[in-house]
Structure formats: structure tokens, C-alpha cells
Amino acid sequence: MSILILHGWENNSSGNWFPWLKTELEKLEETVYAPDLPNSDFPKQKEWLTKINETIKDEQIEELVIVGHSMGAVAILRFLETLEEGKKIKCAILVGGFTTNKNERAGHIKAISDFFKTPFNWEKIKQSCEKFIIIASDNDPYIPMKESEKLRSLLNKPNTEFIVEHNAGHMNKESGFIKYERVLELI
């Protein structure tokens, strides 16, 4: 098994709980990648997908678990759209993920709009992943619960798990998440 950890907007591989998770998985002798995605303050879909594709090897796809936080979860969805027909990853863990650049709390964020220029291909996304785990917080200041529920509905398939963290904020360093035991357990 290989694990790819994707940070979000205005972050990098050293932020939040990513270094801790990488270290813990490496202790278990797993192959772990946590790249710094380019231009994270003004992310471009093509640049992020290029970096993801440069990071993992084609033969790793079928045993790949990808963990993405916030914008990293959106990058997972876009990556799944690009997989060759018939290929699928083992699992996508979407922490604080979302589906639109318009929400009542954060409004429209111009810096991330490149990821939302085209509609998501939900059927292709579902075909490209064996299992989805969606983790949402009931008091996320950026991602309303109804947005997380919408993501669950769009990815609805027998192997979709939906977990709600209570009072966890955006599940980032500012919310006290420098370790994230649940994600380690899920992997």
C-alpha cells in the first residue's frame, strides 16, 4: 500500500497534522508521499495534478490511499477524474472536503476558482475509487455541514463512509489538530 497526503489551500506538507501522519505511517513501514503542491496561495488545477502524477507511480494506483484536507480533498476529486478507464485507487479520505466555490460562510474565493471552472464528473470519480471516507466537522468555520452532506450524496455508493467530528473546527492546526489519530486508524 502507498499513501499520498495532500495539503490544502495556503498550506504545505509541513502544516497541520500531515508531518505527524507521515511519520506514523512510515513507522509502520508504509510508502508515504506528502508533496508540497505548487503555488498553494493561488492553486491551479493543472499544476497540482501534474505534481500528483509526478509523485506517484502508475503501478501504485491500485494500492493507493489518498488523504486530502480541504482543498487537498478537492484535488483528489479532480485527480480521480483523470485516471485511465478501468484504473481505480483503493481509498480516498476527504477531510473537510467540498464541491463548490460558493458557500454561505466563506463566500466565493477567487484564489481557488481554477478548480471549479468545470463541473465535476461524479460518475467517473466514483468509478475511479473503491472506497470513499468523508470526514466533516459539525462546526467547521469554512465548510458548512450541508456542503459535507452534499459531498456524501454525490459520492453515494455502498463503500462510502461518512464521519462527523464534533466541535473539530476545520480539523487543522488552528483547531488543535497537530495529530489526527482517526485518519491513522482509518488507513
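These figures come from a predicted structure and were not determined experimentally.

Draft legend 1. Structural detail: the overall build of the protein. In terms of helices and strands, the protein carries six helices and six strands. When the elements of the protein are put in sequence order from the N terminus, they spell out β-α-β-α-β-α-β-α-β-α-β-α. For 187 residues, the compact-globule estimate of 2.2 N^0.38 gives 16 Å, and the protein sits close to it at 15 Å. Expressed as lengths along the three principal axes of its C-alpha atoms, the size of the protein is roughly 40 × 35 × 35 Å. Out of the 187 residues belonging to the protein, those deemed buried represent 55%. Counting every atom, the protein has about 8,900 Å² of accessible surface; 46% of that belongs to carbon and sulfur.

Draft legend 2. Region of the structure containing the pairing of strand E4 (residues 89-95). Counting buried positions along E4 gives six out of seven residues, so the element sits mostly inside the fold. The parallel pair strand E3 (residues 64-69) and E4, bridged by helix H3 (residues 71-82), forms a crossover whose chirality is right-handed. Pairing between E4 and strand E5 (residues 129-137): six bridges, direction parallel. By the bridge assignment, Val95 is partnered in E5 with Ile135.

Draft legend 3. Summary view of the pattern of salt bridges. Under the criterion given, the structure shown has nine salt bridges. A salt bridge links Lys131 to Glu161, with the shortest nitrogen-to-oxygen separation between them at 3.4 Å. Of this pair, Lys131 sits in strand E5 while Glu161 is found in strand E6 (residues 160-165), placing the two residues 30 residues apart along the sequence.

Draft legend 4. Representation of the packing of helix H2 (residues 45-55) against H3 in the model. Where H2 meets H3, the axes come as close as 10 Å, and the angle between the chain directions of the two elements is 75°. Judged on the interaxial angle alone, H3 and H2 are roughly perpendicular. Of the residues in H3, those in contact with Gln45, Trp48, Leu49, Ile52 and Asn53 of H2 are Met71, Gly72, Ala75, Arg78, Phe79 and Thr82. Looking at side-chain class alone, the contact of H2 with H3 contains six nonpolar, four polar and one charged residues.

Draft legend 5. Geometry of the sheet that holds E6. If you walk across this open sheet you meet the six strands as E2-E1-E3-E4-E5-E6, and the pairing is parallel. Sheet topology places strand E2 (31-33) and E6 at the edges, where each strand pairs with a single neighbour. Averaged over all pairs of adjacent strands, the angle between strand axes in this sheet comes to 15°, irrespective of strand direction. In the packing of helix H1 (residues 18-27) onto the sheet, the strands contacted are strand E1 (2-6), E2 and E3, and the crossing angle to E1 comes to about 175°. Each of E1, E3, E4 and E5 is contacted by H3, which is oriented at about 140° to E3, the strand it contacts most.

Draft legend 6. Region of interest: the packing of aromatic side chains. Using the criterion set out here, one finds seven aromatic pairs in the structure. For the ring pair Phe98 and Phe116, a centre distance of 5.9 Å and an interplane angle of 25° mean the geometry is stacked. Taken together, the residues span a long stretch of sequence, with Phe98 in the loop between E4 and helix H4 (122-127) and Phe116 in the loop between E4 and H4 at a distance of 18 residues. For the residue pair Phe98 and Phe116, the accessibility class agrees, reading buried in each case. Judged by centre distance (6.1 Å) and plane angle (75°), the ring pair of Phe116 and Phe120 falls under edge-to-face. As far as the burial class goes, Phe116 and Phe120 line up, both buried. Cluster of aromatic residues (ring-pair linked, three or more members): Trp17, Phe18, Phe177 and Tyr180. One residue, Arg78, lies across the ring of Phe120, its end atom 3.9 Å from the ring centre. Over the aromatic face of Phe162 sits the side chain of Arg152, whose NZ or CZ is 4.3 Å from the ring centroid.

Draft legend 7. Local environment of the nonpolar core. If you look at the biggest cluster of nonpolar residues, it comprises 38 residues, and the most contacted ones within it are Ile52, Phe79, Leu80, Ile89, Leu94 and Leu155. When residues of this core are traced back to their parent elements, those giving at least two are E1, H2, E3, H3, E4, H4 and E5. With eight residues, the single largest contributor to this core is H3. Every residue in contact with Leu94, bar those within four places of it in the chain, is listed here: Gly68, Ala73, Ile76, Leu77, Phe132, Ile133, Ile134, Ile135, Leu151 and Leu155. Formed by 23 residues, the second largest nonpolar core is a distinct cluster that contains Val32, Val65, Ile93 and Ile163.

Calculation rules
The numbering scheme is per chain: residues are counted from 1 as the chain's sequence reads. Whole-chain, interface and lining totals are the exception, using all residues; otherwise, since this is a predicted model, local features are given only for residues with pLDDT of at least 70 and side-chain atom pairs are given and counted only at 80 or more. To obtain the side-chain values, all non-hydrogen atoms of the structure were included, while hydrogens and water were left out. Put simply, DSSP marks the helices as runs of H or I at least four residues long and the strands as runs of E at least two long, and each gets a number from the N terminus on. Only C-alpha atoms enter the radius of gyration, while the globule expectation follows 2.2 Å times N to the 0.38, with N the number of residues. Residue exposure (1.4 Å probe, protein chains only): buried if accessible area is under 20% of the type maximum, exposed if over 50%, otherwise partly exposed. Per-residue and other accessible areas follow the Shrake-Rupley method at a 1.4 Å probe size, with only the shown protein chains counted as cover for residues. Handedness rule for crossovers: strands pointing away from the viewer, path from the first strand over the helix to the second running clockwise, crossover right-handed. Strands were regarded as paired on the criterion that DSSP finds at least two bridges between them. The rule for a salt bridge is simple: a side-chain nitrogen of Lys or Arg has to be within 4 Å of a carboxyl oxygen of Asp or Glu. Each axis is a line fitted through C-alpha atoms, and for a helix only the stretch in contact is used; angles between axes span 0 to 180 degrees, taken between their N-to-C directions. Angle categories are assigned with fixed cut-offs, so that under 35 degrees is roughly parallel, over 145 is roughly antiparallel, 65 to 115 is roughly perpendicular, and the rest are oblique. Here, residues are in contact when the closest pair of their heavy atoms is within 4.5 Å. Charged means Asp, Glu, Lys or Arg here, nonpolar means Ala, Val, Leu, Ile, Met, Phe, Trp, Tyr, Cys or Pro, and polar covers whatever is left, Gly included. Two aromatic rings, drawn from Phe, Tyr or Trp (for Trp, its six-membered ring), form a pair once their centres lie within 6.5 Å of each other, and the interplanar angle then sorts them: stacked below 30 degrees, edge-to-face above 60, tilted otherwise. As a reminder, the over-ring test applies to NZ of lysine and CZ of arginine, requiring each to be within 6 Å of the ring centre and within 35 degrees of the ring normal. As used in this record, nonpolar core signifies buried Ala, Val, Leu, Ile, Met, Phe, Trp, Tyr and Cys residues forming a set joined through side-chain atoms within 4.5 Å.

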